[in-house]
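One letter stands for each residue in the lines below.
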Amino acid sequence: MKTTIVVPTYNEKANIEKLIKLIHKSIPAAQILVVDDSSPDKTYEVVEKLKRTDKKLHLLLRDRSVKGRGWAGRDGFVKALAMGADIVVEMDADLSHQPKYINALIKPIMTCEADVVLGSRYMIGGKDIDRPFYRQITSNFAKNYLKVVLGLKAQDPTSGFRAYSKNALLKIKVKTLTARDPFTVSEILYRCYRAKLKIKETPIVFIDRTHGESKLQMTTLIKYLARALALRLGPNPLDSIK
């Protein structure tokens, strides 16, 4: 099955080359699609240089005026499907998501045990390390809140390290995803549950970024929690979208 790794980037020049090398080492047959929002640090120039000699590396360069983690991921999914992907993995570029776990993410999909697989920090074998204590408290609160409000059963519903089958992305109508920002991980998982997809988790060790700055702020997180409630109280997104 053809696997494409989608990596949304914005100011990840310090990390992107190392990440690409680690992905190739972990899963040599995979295609890598970097989706860059015209980063001011010119991350895309690093990718453009590397792809001259790397036939499995691809770049989707987006206009900075429509930048956003959610829309970048959405456009990456659509592009990956157009490239013929059977499985699409999405991961962050800051090295907090370790490529060595990719095979564990895609295996249940390849064996038809799951449609969606989440990299989980909170199941047995998973860990969340090197992050400030307040960030860990915030993350734990958010995951429990989302489980209650959205009715999610996943132990790590806020994980952005995931694998999807082609069928899963089509069923959740990926082209119609609306969240422009990191709330996209909640919107997508909620759609997966509403579509009654088979969802599994596999343990990962999450390591806080060592280069660059986190894009998530506390005020933004509070807004996400309100949006989760609005999502649950609103119509089924899969019924309301043609």
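Below or above, wherever it landed, is the structure these notes cover. Nothing here was measured: the structure is a model prediction, and the numbers come from that model. The numbers attached to residues start from 1 for each chain and follow its sequence in the written order. pLDDT decides what is reported in this predicted model: residues at 70 or higher carry local features, side-chain atom pairs at 80 or more are listed and counted, and totals for whole chains, interfaces and linings draw on all residues regardless. Side-chain measures were taken over the full set of non-hydrogen atoms in the model, leaving aside hydrogen atoms and water.

**Concerning unusual backbone geometry**
Here is step 1: Positive phi is not limited to glycine here, since Asn11 has a value of about 60°.
Here is step 2: Within the secondary structure, Asn11 is located in the loop between β1 (3-9) and α1 (16-26).
Here is step 3: Exposed residues in this analysis have more than 50% of their type's maximum accessible area, buried residues have under 20%, and partly exposed residues fall in between, with area computed by a 1.4 Å probe over protein chains only. We classify Asn11 as partly exposed; its relative accessible area is 32%.
Here is step 4: The phi dihedral of Ser38 falls on the positive side, at around 50°, and the residue is not glycine.
Here is step 5: As for its position among the elements, Ser38 is in the loop between β2 (31-36) and α2 (43-51). For the purposes of this entry, the term helix denotes a DSSP run of H or I that reaches at least four residues, the term strand denotes a run of E that reaches at least two, and both are numbered from the N terminus.

**Some details on the packing of aromatic side chains**
The geometry of an aromatic ring pair comes down to the distance between the two centres and the angle between the two planes.
Here is step 1: Here the aromatic set is Phe, Tyr and Trp, taking the six-membered ring for Trp, and pairing holds for ring centres within 6.5 Å; pairs whose planes are under 30 degrees apart are stacked, those over 60 apart are edge-to-face, and all others are tilted. What the rule picks out here adds up to 3 aromatic pairs.
Here is step 2: Considering the side-chain rings of Phe77 and Tyr164, the 5.4 Å spacing of their centres and the 75° angle between planes classify their relative orientation as edge-to-face. With Phe77 in helix α3 (residues 69-82) and Tyr164 in strand β7 (residues 162-165), this residue pair connects regions lying 87 residues apart in the sequence.
Here is step 3: For Phe77, a relative accessible area of 1% puts it in the buried group.
Here is step 4: Looking at Tyr164, the relative accessible area reads 1%, which means it is buried.
Here is step 5: Whether a charge lies above a ring is judged from NZ of Lys or CZ of Arg, which has to be within 6 Å of the ring centre and within 35 degrees of the ring normal. The ring of Tyr10 carries the charged tip of Lys67 above its face, separated from the ring centre by 4.8 Å.

**Points about the sheet that holds β2**
Here is step 1: The strand order β3-β2-β1-β4-β7-β5-β8 describes an open sheet built from 7 strands, whose pairing is mixed. Of all the strands in the sheet, the pair left with one neighbour each is β3 (57-61) and β8 (199-203). On average, each strand axis in the sheet is tilted by 20° relative to the strand beside it, whichever way the strands run.
Here is step 2: Alignment of β2 against β3, held across 5 bridges, turns out to be parallel. From the neighbouring strand, Ile32 faces β3, where its bridge partner is Leu57.
Here is step 3: In the packing of α1 onto the sheet, contacts are made with β1, β2 and β3, and the angle to β1 comes to roughly 165°. For two strands to pair, DSSP has to find at least two bridges joining them. To obtain an axis, a line is fitted to C-alpha atoms, over the contacting stretch when the element is a helix, and the angle between two such axes runs from 0 to 180 degrees between their N-to-C directions. Contact criterion: two residues are considered in contact whenever any of their non-hydrogen atoms come within 4.5 Å of each other.

Note that all results are geometric; they support no functional claim without further evidence.
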